[in-house]
Structures are given as structure tokens and as C-alpha cells.
Amino acid sequence: MAFGSGRDRQFVTARMGWQAPAVLACVALGTAALAAARPEHAALDKRIQEAARLPGEPSIFESMGVTRGEIPLRSVESRDPLDGPRRRLVMLGGLDGNDRSVDATLGALHWWKTQAPAALKAGWTVIVVPCGNPEGWVQLKPTNDYFGKPTVNYPPKDSFFNEAKFIENRYLWRWLAFQAPDLVVEVHGGNRLQWSAPPPYAALGQSLGAKALVAPDSLPMALSKDNSELGAVPALVADARATDGPALLQAALTAAANLQRSPLRQSLIRRMQREPLAVAERLARRYPEKAQISYIPSTAWSGALRVAQLRGDVALGNRVKEQVAQWTTGATPSLDEKPDPVKLGGHVVFAELALAAGDAADAEPARKLALAAAERYRPEAADGIARYTGRACEDLYMSAGLLGRAAKLSGDVTYLDLLARTMTQISGKLQNEDGLYQHATDSPHRWGRGNGFASLGLMEALTWLPADHPLRAALLARFRKQMAALKPHQTPEGTWRQIIDRPESYREVTATAMNLAAMARGVRLGWLDGSYRAVVDRAWSGLSARIADDGGLTDVCAGTGPGPTLTYYYERPAVSGGDDRGGAMALLAALEVHELRAGKP
């Protein structure tokens, strides 16, 4: 098995020998348990980490996803910004499960960081996935443990990120798009260095003597045909020996010497260059697509009212009033006998309408709806927390915004006391020692949107509580602790993840938008120091890249109740396209970034 320096023939033979009796264990414990026990993955991680630690970029040991057996899909990523001057090359190894492709890719990375000419480094950013099929690689096979084949089945159209067989494809496809590559090189194990190129990029491969790539559902072929909806990307396939890495990378960069920014990268840069208020305006005109009493449309409507005020757009403000008229006119009740925080939090829009109208007569119907909902939060005990709350992070955001506005509308400061007690007691249960929030009292996992609910809840509390309130200082300390904990978990392009502290979980829109919104307001109002400004700017770049011109979004976690396992959160569906939840939170984030940049007090 002369596949290079990655593993020893005798060790592999012994491993394959004990695989047969392990079948019963696989049946009893599941493939994930069997895969997680393999020492080769830890050894490969060590090799990748050693390469990442070498001086220069790429330097960030990351994960672009996770297999169905919960083996991280490791990546080495760069701190270079997506809209920077260097062209970007992404090299992918090990999709075929072959040692030679993994070793060649790592060899190329080592050469790049230790021996590549300065002129090349000045012109290029290199990003690497050394082994895109770790389940197959450990068994020397091209398929994963679920009979999926990571080299084919592109472009994936759905099942992000809960596909039964082809999960590596989903993670790779999505991650790759937002690395903004100008060139992709997929490395396969071979007996000599030879190249293939998709027909649209035959000229690119000409100097390499590349043959025509014919596999219709391969990744390079899909990239060449603009199946990402962002634009095409030049791509090559290299068959290589384990020692071919340096020559391979040199040859690819030489062939691409005159390559310009890819259409995909140009699309992403254009998205990132839009003004936050322009993005907010587009989102405000689209969302919500479904009118209902819930925190989701309420957040969107409230954002639309802010946009209308900033733009002087009377028509947009009237549109919101028309969409909620069925409740303000009394034609449809806004509350039922069993309200919950989702519905009660949906009454914030009525508070916003009433506050905007001031003493005008048409403010009264909205004011009554908001205060009636706030009253439902009143606990039976005078020192209790808001009714219907106490178990999950969601309760922090749902209650804080309404209770704070109710105090403003009514002049009743007991709403503020209830707000402060609720924030304090729920945070005491859910905020972990490191500052992050677990999803619920019975779910210890640090869900991305759950932390977003916590950060927005604290943001609302700090916005409405007066400086001399006895519980405000402790809540400010909690907010700062959470924001500090979020910093090191931000991805290189600025996003946060489906599970905040699990780098293999997918990069998710609402976690990014909600934590960004809270952080931006924190910087603007002086709750956070200036070091957070760069975090905010990077988060806005990551979020805006995922917002299409029509307001569609990429990778919004579907509705998610508290779950018991990491697998549950890994496999929550990610929605792309139109989505009220993602649109509402992206709108809020865009407005907060706009106001921070505008220097609004």
C-alpha cells in the first residue's frame, strides 16, 4: 500500500484485520461510535495542526463540517479577508479516501508555508481541506460509512445538513462557496501527476496538458457551470503521488498566473460592499412573508418601522400598519387563553406602533394590545419571574423587549423590575461559567440561535433598564461575559455556528445576525470597548455575504426546540432562500450596524 508517509502498511493491515469483529459493535453502538474510536483521525489532526502552526497563512485550524459519524472535516483557513487583493485558491484532498491525495495536499501546504516564493505569496491566499472523507480515508475506500461518495453528487440541492448519505458533499459545497475561491484544485491519489479540467476551463488546463473532465456530477464540473447561483469558479483535478504536493501547487499557480477574480467571488464582494441600510431596506420590504402573532414577524415589522423612519418612507410604515390591522382593529384577537412567550413577544410591534404615534388617538388600540400582552407575563408571586418563562434561552428575548416597552408606554416601573428579575434568574440557570448560554435547563448544548436569544434579551434589558436599577450592573456583567465568550468562536469569515463552540457544526445565519446585532448596539452605547468593532465588522461581512439581493438567505436553522444530543443540533435542517426568521434577524442586524457606523447615540 505505497500510499505515502501518512500511515504504516503493517498498522493498516492490522487495523483491517480487527474490522470484521467490530461489525457487531457497529450494529450495537452505531457507526458514529465505531468511527469516533479510531486513532488515525487524531493522528491526522495532529499533522494538520502542525502545518497550520507553521508561520504565515493559512494559519487557522478549523472544520468545514462533520461526517454523519461525527468526525470533523478539518480545514486550514486564512485570516485574509474575502474582499482582499489576493486571489484565493482552495485545495481539496482526500475526497477519494486515498492516502496519496491527503499526503500530496499536506505536502503542498507545507511547501507553501516554508518554501514558496514571496512573489507567489503576495498574490495568492491558499486554503486547504486535507481530508474531505475521513471515514473513507481511515478504511482506504472512496465511500463514507453511509455509502455516500464525496467525489460525486454535485451540486447538492437540498438536505442541508441532514442528508443520510452525502453529507460531506453538503458541507463542502456550502463552505466552499463562502471561501470565495478564484480557483479550486481537487487532488486525487494517482501514480503520476496528471491533470483534468472541465470543458469551460480547458484553456486554464492547456499548459498543464490537462485532459477533458467528463464526470458530470463531480465538484469541478458543478463549479464550472454556475450551480451555486453566485457564479462559476475555475476548477481543476490533479491525480498525484504522495510526494507531488509542491510541484502540484506550483504548477496550478503558474497555470493560473493571469486568472482574474472568479464570478462567484465577484458576487460575494458586491454583496459585502452594500450599505447596511440598503440591505435593511430590502429585507424590510420582503419580510415578514406571513403575518401572524409571533416574535418573528414582530421583529421584522419593528425593523421595517425603523427603516421607514430613517428613510422617511411613509408608504413602508403604512404597509406595516395594514399588515397588523386585523389585530389593531379588533377583527382578530391577538391573544388566546393559553399564551406563550412566542405569541407574547409578538406584541412588541404594537408597542412600537404606539410609541411612534405618541399621544395620537390612533396609538390607543396598539397600546392596549401591547399592555394586555405584557400583563399576561405578571407572575402570581410578587417576586416571581415572568409567567410562561424560565426554561430556555428563547424566553429571554421574548419577554425583555415587551416588558421594557410596556414600562415606557405605561410609566409602570414594576414592568422593569419584572424584566430584571426574569433576566437575572433565567441567566443564572443557563449562562455557563465561560459566558456562553446552554439552550435550556434540560439541554446543555450551546445552540447558536439560543445564544442569540440570550444576547438580544440582555441587549433589550440594558436598553430599557435605567442606569441606577439595582440589577442592571449584574446584567451588564453577564452581557460582557457572553460577548467576550463569543469572540474566539467567530469563524474566519465572521459568522457564528449552529452550535457556538463546535467548529464542525454549520455556519448559521440567525446565530450570526442576532449576536452581531447585540454586539453592535453594545459598542454603540458604550457597553463594550472598541476591540469589538473589528468583530462586528467581520460579522457583518460574513452575514451580508449570505444575503441575496432579493432578500433570500443561506443556511437559516429551522425551528428548534431544546434537544438532548449534539447530533440533534448538527442535523437540524438549514433553510435557504426566503425565510421570515432569518430575514427578521438579518434586518435587525443590518439596522444595528448602520446605526453604529452612523454614530447614532
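Everything quoted here is computed from the prediction, not taken from an experiment.

Draft legend 1. Region of interest: the state of the cysteines. Evaluation of the coordinates by the stated rule reveals zero disulfides. Just so you know, C393 is unpaired, no disulfide at all, and the nearest cysteine sulfur is the one on C557, 13 Å from it.

Draft legend 2. Up close: the packing of aromatic side chains. Enumeration over the complete set of coordinates arrives at 13 aromatic pairs. Ring centres of W111 and W112 lie 6.5 Å apart, and the angle between their planes is 50°; on these two criteria the pair is classed as tilted. Looking at W111, the relative accessible area reads 6%, which means it is buried. Residue W112 is classed as buried on the basis of its relative accessible area, which comes to 2%. Aromatic side chains Y295 and Y397 sit 6.2 Å apart centroid to centroid with 90° between the ring planes, which places their arrangement in the edge-to-face category. Here Y295 is found in helix α14 (residues 295-311), whereas its partner Y397 is found in helix α20 (residues 394-410), with 102 residues between them in sequence. With respect to burial, Y295 and Y397 carry one shared label: buried. For the cation-ring pair, K487 lies above Y532, with the distance from its terminal atom to the ring centre recorded as 4.1 Å. Above the ring of F178, the side-chain terminus of R546 is found at 4.0 Å from the ring centroid.

Draft legend 3. Seen up close, helix α8 (residues 167-177). Taken across its eleven residues, α8 has eleven buried, putting it largely inside the fold. Here α8 has its buried residues at I167, E168, N169, R170, Y171, L172, W173, R174, W175, L176 and A177.

Draft legend 4. Highlighting the layout of surface pockets. By volume, the largest pocket is sized at about 1200 Å³. Contributions of two or more residues to the lining of the largest pocket are made by α14, α15 (314-323), α18 (348-357), α19 (364-376), α20, α22 (448-464), α24 (509-524) and α27 (580-598). Ranked by residues supplied to the lining of the largest pocket, first place goes to α14 with ten residues. Taken together, the residues of the lining of the largest pocket break down into 22 nonpolar, eleven polar and twelve charged.

Draft legend 5. The arrangement of the packing of helix α25 (residues 532-544) against α27 in detail. Between α25 and α27, whose axes approach to 11 Å, the crossing angle comes to 140°. Our classification of the angle between α25 and α27 gives oblique. Between α25 and α27 lies a crossing whose hand is left-handed. Of the residues in α27, those touching α25 at R533, V536, D537, W540 and L543 are A586, A589, A590, V593, L596 and R597. For the contact of α25 with α27, the per-class residue count stands at eight nonpolar, no polar and three charged.

Draft legend 6. Structural view of the environment of E40. Within the secondary structure layout, E40 lies in helix α4 (residues 39-53). Spatially, the C-alpha atom of E40 lies 30 Å from that of P155, the residues being 115 residues apart in sequence.

Draft legend 7. View of the pattern of salt bridges. Tallying each qualifying case throughout the model produces 43 salt bridges. For D45, the salt bridge is made with R74, and the minimal N-O distance between the two is 2.9 Å. Residue D45 is found in helix α4, and its partner R74 is found in strand β2 (residues 72-77); the two are separated by 29 residues along the sequence. As far as burial versus exposure is concerned, D45 and R74 are alike and both buried. Put simply, E281 and R285 hold a salt bridge, and the shortest N to O gap is 3.1 Å.

Thresholds applied
- One numbering rule holds for all chains: residues counted from 1, following each sequence as written.
- Selection of residues for local features in this predicted model requires a pLDDT of at least 70, selection of side-chain atom pairs for listing and counting requires 80 or more, and totals for whole chains, interfaces and linings are taken over all residues.
- Computation of side-chain values: all heavy atoms of the structure, hydrogens and water removed.
- Cysteine sulfurs are considered disulfide-paired once they come within 2.5 Å of each other.
- Pairing of aromatic side chains here covers Phe, Tyr and the six-membered ring of Trp, requires ring centres within 6.5 Å, and sorts the geometry by plane angle: under 30 degrees stacked, over 60 edge-to-face, intermediate tilted.
- Only protein chains enter the accessibility calculation, which uses a 1.4 Å probe. A residue is then buried if its area is under 20% of the maximum for its type, exposed if over 50%, and partly exposed in between.
- In DSSP terms, a helix is any run of H or I states spanning at least four residues, a strand is any run of E spanning at least two, and both are numbered starting from the N terminus.
- Lysine NZ or arginine CZ positioned within 6 Å of the ring centre and within 35 degrees of the ring normal marks a charge as sitting over the ring.
- Cavity: a set of points on a 1 Å grid over the protein atoms alone where a 1.4 Å probe fits but cannot get out. Pocket: an open set with protein on both sides within 12 Å along at least five of seven lines, its lining residues, like those of a cavity, having an atom within 4 Å of a point.
- Grid points are joined across faces, edges and corners, and a volume is the space filled by probe spheres set on the points.
- Gly is placed with the polar residues, together with every amino acid not listed as nonpolar (Ala, Val, Leu, Ile, Met, Phe, Trp, Tyr, Cys and Pro) or charged (Asp, Glu, Lys and Arg).
- Here the axes come from fitting lines to C-alpha atoms, over the contacting stretch only for helices, and the angles between their N-to-C directions go from 0 to 180 degrees.
- Oblique is the label for any angle not under 35 degrees, not over 145, and not in the 65 to 115 range, which are roughly parallel, roughly antiparallel and roughly perpendicular in turn.
- Crossing handedness: left-handed means the near helix sits turned counterclockwise from the far one by under a right angle, and right-handed means the same turn made clockwise.
- We call two residues contacting when some pair of their heavy atoms lies within 4.5 Å.
- Any Lys or Arg side-chain nitrogen found within 4 Å of a carboxyl oxygen on Asp or Glu counts as a salt bridge.

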